[in-house]
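The lines below spell out each chain.
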Amino acid sequence: MAVVAALSIAMAPAAGATSDGCGDLDNGQLCIYHPAGPSGDYETRYFKNGGPDVVVMLGEQAKTPDGNVQPKDYDSTWLTAKAGRTVSKTRYLTMDKGWCIRAAMKTKSGETYIGKWYCM
């Protein structure tokens with residue numbers, strides 16, 4: 001079974017290359033932390049380095065083994081990201097071998113961001 005979730009569509013600039021599942025942004029880092037196996041709690045985290053507070057919604061995006069990128073799913077409430085702090089949301093997902101997942105974030109003002117792919 002692939003990702004167990006309803007998904008919504010959005011476009012985003014790519015985040016910088018860092019460790020698996022993370023992406024460096026202009027003012028922080030956006031990551032998806034994953035369970036040891038393909039199914040379990042996946043946690044999207046945004047650490048804000050500095051600057052003024054920003055209101056964000058966190059989610060994830062999946063990619064099938066054949067490279068079909070699924071729409072992003074923003075499933076957190078609106079969260080206030082403050083300098084030097086991390087905001088996060090956790091969601092149980094069932095992923096199959098060969099699938100990939102990455103963190104997604106949008107701001108209340110309309111910008112969207114994505115992390116780096118983590119593949120099973």
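As shown above, the structure is provided for reference.
What comes next concerns the included structure. Just so you know, the residues in each chain are numbered from 1, in the order the chain's sequence is written. Only residues with pLDDT of at least 70 are given local features in this predicted model, and only at 80 or more are side-chain atom pairs given and counted; all residues enter the totals for whole chains, interfaces and linings. To obtain the side-chain values, all non-hydrogen atoms of the structure were used and water was disregarded.

1. Focus: the packing of aromatic side chains
- Centres within 6.5 Å are what make two rings of Phe, Tyr or Trp a pair, Trp counting through its six-membered ring; a difference in plane orientation under 30 degrees is then read as stacked, over 60 as edge-to-face, and the rest as tilted. Evaluation of the coordinates by the stated rule reveals zero aromatic pairs.
- Two thresholds decide whether a charge sits over a ring: the Lys NZ or Arg CZ must be within 6 Å of the ring centre and within 35 degrees of the ring normal. A cation over a ring is seen here: Arg-45 above Tyr-33, with NZ or CZ 3.9 Å from the ring centre.

2. Topic: the environment of Gln-29
- Position of Gln-29 relative to the elements: it lies in strand E3 (residues 28-33).
- Three labels apply to residues, based on accessible area from a 1.4 Å probe with only protein chains included: buried if under 20% of the type maximum, exposed if over 50%, partly exposed otherwise in between. With a relative accessible area of 27%, Gln-29 lands in the partly exposed category.
- Along the chain, Gln-29 and Thr-86 lie 57 residues apart, while their C-alpha atoms are 9.3 Å from each other.
- Two N or O atoms form a polar contact when they lie within 3.5 Å of each other; inside protein one atom must be a possible hydrogen donor and the other a possible acceptor, and for residues adjacent in sequence the pair counts only when both atoms belong to side chains. Looking at Gln-29, its side chain comes within polar contact range of the side chain of Asp-24, at 2.9 Å. Each helix is a run of H or I in the DSSP string that is no shorter than four residues. Each strand is a run of E no shorter than two, and both are numbered from the N terminus.

3. A short note on the state of the cysteines
- Only a pair of cysteine sulfur atoms within 2.5 Å qualifies as a disulfide here. Tallied over the entire structure, the rule returns two disulfides.
- The side chain of Cys-22 participates in a disulfide bridge whose partner is Cys-31; the two sulfur atoms lie 2.1 Å from each other. Between Cys-22 and Cys-31, the S-S torsion sits near 115 degrees, and that sign places the bridge as right-handed.
- Sequence-ordered numbering of the disulfide-bonded cysteines in the protein chain gives the connectivity 1-2, 3-4.

4. Points about the side chain of Glu-43
- When you line up the elements, Glu-43 lands in strand E4 (residues 39-48).
- At 3.0 Å, the side chain of Glu-43 and the side chain of Arg-45 are in polar contact.
- Contacts: residue pairs with any heavy atoms within 4.5 Å of one another. Residues in contact with Glu-43, not counting those within four places in the same chain, are Cys-31, Ile-32, Tyr-33, Ser-88, Lys-89 and Thr-90.

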